[in-house]
Amino acid sequence: MSAVDWATVENALHLWVSRGSSLAETSVIWWLTGGPRPPAPYILLSLPEFKSVGHDWIVKKAAPEPVTPYEEIVRVARGMRTARLEMQCFAVEGTSSAALSILSDVMASLQLHISNLDDAGVGIGVLGPLQPLSGRRNGILEPRATWSLGLHLASEVQDFVTYIQSIDLSVTEASTGSTQSITIERPET
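Figured I'd write up the structure that's included with this text.

## Section: the overall build of the protein chain
Next up, step 1: Looking only at helices and strands, one finds three helices and 10 strands in the protein chain.
Next up, step 2: Shown N-terminal to C-terminal, the secondary structure of the protein chain runs as helices and strands in the order α-β-β-β-α-α-β-β-β-β-β-β-β.
Next up, step 3: Radius of gyration (C-alpha) of the protein chain: 27 Å, far over the 16 Å computed for a compact globule of 189 residues.
Next up, step 4: If you line up the protein chain on its principal axes, its C-alpha atoms span 100 × 35 × 30 Å.

Written out as structure tokens, the structure reads:
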């Protein structure tokens, strides 16, 4: 089990951006997926920053029945993470502000998709500025724009442990060889 359900998070973000931009789902791609670039216009998504916020905490509870031996207690480590979603829109050559317009539509549609993002475990943080970028590709002006925003994600992993029911303790005195034994039982809670 992954601490963050990345498939669900990425699918929810992808759905929001593709619907908000009115681009085909195949025109919204994740960075590092490989393959050729789709024809413009398209949006490239990436998560270039991911970090922990503070310390995680552990919650312990009894394991559900039936209990596997030595797995009577479930320990759940929970914490908060932040990430930065970066979008870069590449528009058709010669459409000066088209990339800016497409990302502006994505920005405006955020509130329409907030419920789906919440269901996927994605909280929205600080919204960065929408910025046009100038650039050239093969000597031709390539209209681009970029936008980034902060994300809040919950992290959770679990494992199983056992508890000590009793301790049997034996002490042998070296000089006499006599042995004393006691059993310490776990108190009922």
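## Comments concerning unusual backbone geometry
Among all residues except glycine, the phi angle is most often negative; among peptide bonds, the trans geometry is most common.
Next up, step 1: For the bond running from Ala-40 to Pro-41, omega is 0 degrees, close enough to zero to count as cis.
Next up, step 2: Among the secondary structure elements, Pro-41 is positioned in the loop between β1 (28-30) and β2 (42-62).
Next up, step 3: One non-glycine residue with positive phi stands out, namely Tyr-70, at about 70 degrees.
Next up, step 4: Positionally, Tyr-70 belongs in the loop between β2 and β3 (73-90).

## Things to note about the pattern of salt bridges
Next up, step 1: This model, assessed by the stated rule, comprises five salt bridges.
Next up, step 2: Here Arg-84 ties to Glu-86 by a salt bridge, and the two come within 2.7 Å at their closest N and O atoms.
Next up, step 3: Relative accessible area serves as the criterion here: at 25%, Arg-84 is assigned to the partly exposed category.
Next up, step 4: A single salt-bridge network, built from bridges that share partners, covers Glu-49, Arg-84 and Glu-86.

## Let's talk about the packing of aromatic side chains
Next up, step 1: Tallying each qualifying case throughout the model produces three aromatic pairs.
Next up, step 2: With a centroid separation of 6.2 Å and an interplanar angle of 75 degrees, the aromatic rings of Trp-16 and Trp-147 are classed as edge-to-face. With Trp-16 in helix α1 (residues 6-21) and Trp-147 in strand β8 (residues 144-161), this residue pair connects regions lying 131 residues apart in the sequence. Like Trp-16, the residue Trp-147 is buried in the burial classification.

## Quick notes on the packing of α1 against helix α2 (residues 98-108)
Next up, step 1: Two numbers describe how α1 lies on α2: the axes approach to 8 Å, and their chain directions differ by 120 degrees. Our classification of the angle between α1 and α2 gives oblique. In this structure, α1 crosses over α2, and the sense of that crossing is right-handed. Residues Trp-16, Val-17, Gly-20 and Ser-21 of α1 form the contact with α2, whose own contacting residues are Ile-102, Asp-105 and Val-106.
Next up, step 2: Along the lines of polarity and charge, the residues of the contact of α1 with α2 split into four nonpolar, two polar and one charged.

## Some thoughts on a nonpolar patch on the surface
Next up, step 1: A contiguous nonpolar surface patch, about 540 Å² in accessible area, is contributed by Ile-164, Ile-167, Leu-169, Val-171, Ile-182 and Ile-184.
Next up, step 2: By residue number, the principal contributor to the nonpolar patch is strand β9 (residues 166-172), which donates three residues.
Next up, step 3: As for its position among the elements, Ile-182 is in strand β10 (residues 179-185).
Next up, step 4: Taking relative accessible area as the criterion, Ile-182 reaches 47% and is therefore assigned partly exposed.

## Some words on the nonpolar core
Looking at soluble globular proteins, one finds that nonpolar side chains tend to be buried together.
Next up, step 1: Residues Leu-13, Trp-16, Ile-43, Leu-85 and Met-87 are the most contacted members of the largest nonpolar core, which totals 29 residues.
Next up, step 2: Among the secondary structure elements, those contributing two or more residues to this core are α1, β1, β2, β3, α2, α3 (110-119) and β8.
Next up, step 3: Setting aside residues up to four positions removed in sequence, Ile-43 forms contacts with Val-17, Ser-21, Leu-23, Ser-27, Val-28, Ile-29, Met-87, Gln-88, Cys-89, Ile-102, Leu-103 and Val-106.

## Focus: the side chain of Ser-18
Next up, step 1: As for its placement among the helices and strands, Ser-18 is situated in helix α1.
Next up, step 2: Of note is the side chain of Ser-18, whose polar atom sits 3.2 Å from the backbone oxygen of Leu-15.
Next up, step 3: Discounting residues that sit within four places of it in the chain, Ser-18 has contacts with Leu-23, Ala-24, Glu-25 and Val-28.

Parameters and conventions
- Note that residues are indexed from 1 along each chain, following the sequence as it is written.
- Selection of residues for local features in this predicted model requires a pLDDT of at least 70, selection of side-chain atom pairs for listing and counting requires 80 or more, and totals for whole chains, interfaces and linings are taken over all residues.
- Water and hydrogen atoms were dropped before computing side-chain values, which therefore reflect all heavy atoms in the structure.
- In this description a helix means any DSSP run of H or I spanning at least four residues, a strand means any run of E spanning at least two, and both kinds are numbered starting from the N terminus.
- Put simply, the radius of gyration uses C-alpha atoms, and a globule should come to 2.2 Å times the residue count raised to 0.38.
- For salt bridges, the criterion is a side-chain nitrogen of Lys or Arg within 4 Å of an Asp or Glu carboxyl oxygen.
- A simple rule labels every residue: compare its accessible area, found with a 1.4 Å probe on the protein chains alone, to the largest value its type can have, and call it buried under 20%, exposed over 50%, or partly exposed in between.
- Under the pairing criterion, centres of Phe, Tyr and Trp rings, with the six-membered ring standing for Trp, must be within 6.5 Å; the plane angle then separates stacked pairs below 30 degrees from edge-to-face pairs above 60, leaving the rest tilted.
- The angle between two axes is taken between their N-to-C directions and runs from 0 to 180 degrees, where each axis is a line fitted to C-alpha atoms and a helix contributes only its stretch in contact.
- Here is the rule for angles: anything less than 35 degrees is roughly parallel, anything more than 145 is roughly antiparallel, 65 through 115 is roughly perpendicular, and the remaining ranges are oblique.
- Here a crossing is called left-handed whenever its near helix is offset anticlockwise from the far helix by less than a right angle, and right-handed whenever the offset is clockwise.
- Whether two residues touch is decided by their heavy atoms; if any such pair falls within 4.5 Å, the residues are in contact.
- Each residue is assigned to one class: nonpolar for Ala, Val, Leu, Ile, Met, Phe, Trp, Tyr, Cys and Pro, charged for Asp, Glu, Lys and Arg, and polar for all the others, Gly among them.
- Put simply, a patch holds well-exposed residues, over 30% relative accessible area, that have no salt bridge, with like charges counted together within 9 Å and Val, Leu, Ile, Met, Phe, Trp or Tyr side chains within 5 Å.
- Only the protein chains shown count as cover for residues, and the accessible areas themselves come from Shrake-Rupley with a 1.4 Å probe.
- We call a set of buried residues a nonpolar core when its members are Ala, Val, Leu, Ile, Met, Phe, Trp, Tyr or Cys and they connect through side-chain atoms within 4.5 Å of each other.
- Each polar contact in these results corresponds to two N or O atoms within 3.5 Å; when the atoms are within protein, one needs to be able to donate a hydrogen and the other to accept it, and residues that are neighboring in sequence are counted only if both atoms are side-chain atoms.

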